[in-house]
Amino acid sequence: MPAKKIDPHVFVIMGGTGDLMRGKLLPALARLQEAGYLNRSSILGVARTPGMDDAAYRAWAWNALVEDGMTSESLRRWCETSFYFEPLGHGEVKDYRGVAQRIEQIEKETGSPGNRAFYLALPPAAFPPTITELGKLGLNKSPNGAGKGWTRLVIEKPFGRDLQSAQELNALVHQYFDESQTYRIDHYLGKETVQNLLAFRFGNALFEPLWNRDRIDNVQITVAEDNGIEKRAGYYETAGALRDIVQNHLTQLFTLTAMEAPASFDADAIRSEKVKVLRSVMPIEPQDVLYGQYTAGTVNGTKVPGYRGEPGVAQESHIETFVALKFEIANWRWQGVPFYLRTGKRLPRRVTQIAVAFKLPPVSLFRSFDTCQVHSNILIITLQPDEGFDLSFEVKSPGTPFQLETHNMHFRYSTPMPLAYQTLLLDILAGDQTLFVHAEEVEASWRLYSPLLHEYRPLAHPYPAGTWGPNAVNARMGQDGRSWLLPVLSQKDFRSEENAAVQHPALS
Ligand code: BG6
């Protein structure tokens with residue numbers, strides 16, 4: 001990780017005993033501590049958990065780390081000395097006052113100069129009252145006065161349920177907090193390969209001149225999960241794949257792939273290019289989107305129930321667990337190049353990939369050899385499970401007759417990647433907003449999906465768990481003269497029949 005300067009601070013986690021803290025924030029904080037970033041950090045958990053106090057919270061944090069196999073003596077000491085707990089009671093004004101007093105007391109005790117981060121690790125319904133109470137008590141401002149020290153607000157996804165609710169939430173945030181204090185999280189932006197997209201595109205002179213409608217036939221972005229909804233029916237029944245993955249994670253991958261080169265590598269420049277490309281996307285037409293819902297099937301050799309059979313899901317639920325859609329971008333770079341996006345639960349494997357399919361050579365030199373089929377070059381950017389890049393190219397098969405075969409250049413990181421939350425937490429504490437979603441961006445993204453949320457709701461086609469979604473998905477792609485590439489994990493996958501099928505419409 002790059003060296004970042006972290007000022008002494010109090011890191012307040014609202015929802016300090018919840019699943020997010022337990023599963024994501026705590027392991028990430030522990031890694032940052034081990035890397036020496038949190039020496040002057042105090043962590044204050046705030047929650048309604050009955051019977052919790054400083055001692056119990058320290059034991060809770062330490063036990064959780066031990067469960068995760070993080071058992072060093074220095075981490076035990078860290079939990080003992082840096083963790084504090086403040087109960088939130090019924091969330092009344094006096095409880096928030098208690099939080100304010102506790103922060104001041106910790107600052108006095110540790111000599112911390114008044115820098116504060118408030119992390120809302122809470123269900124979305126709790127965002128507005130929490131922001132309001134923090135603001136009313138003046139916790140939105142630095143206790144040292146303007147320009148001295150910092151106060152930051154961190155908000156988890158989902159940020160709103162649609163354009164209107166996102167606008168309302170932004171208005172509330174801005175009533176108390178400046179945009180420069182606000183960190184909207186999309187954890188995909190913390191993933192190393194997502195950031196590497198920028199390095200790949202703008203750090204190599206090779207690809208950028210080809211990154212446009214002259215050379216690219218289509219782009220396919222897949223976020224596939226083999227798991228189901230786990231124990232989150234309550235949330236998922238009100239969200240569905242569009243709100244859960246498409247509006248945020250998938251849209252982020254799309255914008256980073258399609259945006260123009262920023263003027264510099266700083267937060268404002270990058271975020272404003274992302275907003276521009278979102279604003280250039282044409283309205284999604286009903287025929288360009290398809291929903292699915294998994295039925296019972298077999299995933300990775302295990303029989304699993306259908307979505308409607310999951311505990312807590314309504315028998316007649318029409319919630320989508322799969323979305324495939326097509327974006328057309330009305331700008332000089334991308335006019336006429338479709339971007340196909342898809343995500344689904346209970347697909348055959350967990351894989352996140354961006355496939356950029358280049359056009360075929362303009363002249364088919366090898367046509368006279370009827371044994372020869374030219375395949376397009378495909379660049380595959382894999383975000384998970386193994387982060388890296390592949391680029392397919394055609395070579396002559398040795399010997400006669402004259403035949404071509406596809407091979408690929410293959411790069412995978414061999415070092416373990418930092419956790420996405422590790423990167424994001426460090427950036428929050430260092431005051432770097434590059435990997436966080438700007439107010440305008442979150443609204444531009446919801447605006448794209450407004451027709452699907454308010455004008456027409458696509459029917460969810462059934463698909464058996466363990467397949468790549470409803471059959472109709474391929475039929476739709478077929479109408480464009482293309483097919484979905486199967487995710488590529490190895491050289492062998494590149495040579496598969498299905499993956500060889502990206503045809504230039506003019507030559508097919
Ligand atoms: C979350 C979604 O934001 O991202 C989950 O709510 C999804 O439904 C998860 O499973 C996927 O994240 P990752 O990092 O495991 O790809």
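One can find the structure itself at the top, above this paragraph.
Let me begin by describing the structure that accompanies this report. For clarity, every value in this text was computed on a predicted model and none was experimentally measured. (Residues numbered from 1 in each chain as written. Predicted model: local features only at pLDDT ≥ 70, side-chain atom pairs only at ≥ 80, totals over all residues. Heavy atoms only, no water.)

Of note, the amide linkage connecting Lys157 to Pro158 takes the cis form, showing an omega dihedral of 0 degrees. Residue position: Pro158 is located in the loop between β5 (151-155) and α6 (163-176). The residue after Gln384, namely Pro385, is reached through a cis peptide bond having omega 10 degrees. Among the secondary structure elements, Pro385 is positioned in the loop between β14 (378-384) and β15 (388-396). In this structure, Glu230 takes a positive phi of about 50 degrees despite not being glycine. Structurally, Glu230 can be placed in the loop between β7 (216-224) and α8 (233-258). Residue class for Glu230 comes out exposed when judged on its relative accessible area of 53%. Residues other than glycine seldom take positive phi values, yet Arg346 does so here, at roughly 60 degrees. As for its position among the elements, Arg346 is in the loop between β12 (339-344) and β13 (351-358). Relative accessible area serves as the criterion here: at 15%, Arg346 is assigned to the buried category. (Helix = DSSP H or I, 4+ residues; strand = E, 2+ residues; numbered from the N terminus. Buried < 20%, exposed > 50% of the residue type's maximum accessible area, 1.4 Å probe, protein only.)

This next bit is on the sheet that holds strand β17 (residues 460-464). If you trace the 9 strands from one edge of the open sheet to the other, you get β16-β15-β14-β13-β7-β12-β11-β8-β17, paired in mixed fashion. The open sheet has two edge strands, β16 (404-412) and β17, and neither has a second partner. With strand direction ignored, the average angle separating the axes of adjacent strands in the sheet is 20 degrees. The pairing of strand β8 (residues 289-295) with strand β11 (residues 322-327) spans 4 bridges and is classified as antiparallel. Within the sheet, the bridge partner assigned to Tyr291 lies in β11 and is Val323. Strands in contact with helix α11 (residues 439-455) are β8 and β11; relative to β11, the strand with the most contacts, it is inclined by about 120 degrees. (Pairing = 2+ DSSP bridges. Axes fitted to C-alpha atoms, helices over the stretch in contact; angles between N-to-C directions. Contact = heavy atoms within 4.5 Å.)

In terms of burial, β14 is largely enclosed, as 7 of its 7 residues are buried. Two elements, β13 and β14, share 6 bridges in a ladder whose sense is antiparallel. In the strand pairing of β14, Ala355 is matched with Ile380. The pairing of β14 with β15 spans 4 bridges and is antiparallel. Bridge assignment links Ile380 to a residue of β15, and that residue is Asp390. Adjacent in sequence and paired antiparallel, β14 and β15 are bridged by 3 residues.

Now for the packing of aromatic side chains. Overall, the coordinates contain 20 aromatic pairs when judged by the stated rule. Summarising the aromatic geometry, the rings of Tyr235 and Tyr236 are spaced 6.5 Å apart at their centres and angled 75 degrees between planes, so their arrangement reads as edge-to-face. Assessed through its relative accessible area of 23%, Tyr235 is described here as partly exposed. Residue Tyr236 is classed as buried on the basis of its relative accessible area, which comes to 1%. An aromatic cluster of at least three residues, connected via ring pairs, comprises Tyr235, Tyr236, Tyr294, Tyr307, Phe322 and Tyr463. Geometry around Trp150 places Arg152 over its ring, the cationic atom sitting 3.8 Å from the centre. Over the ring of Tyr188 we find Lys191; its NZ or CZ atom is 4.7 Å from the centre of that ring. (Phe/Tyr/Trp six-rings, centres within 6.5 Å; stacked < 30°, edge-to-face > 60°. Lys NZ or Arg CZ within 6 Å of the ring centre and 35° of its normal.)

Interpretation note: all reported values are geometric properties and have no functional meaning in isolation.
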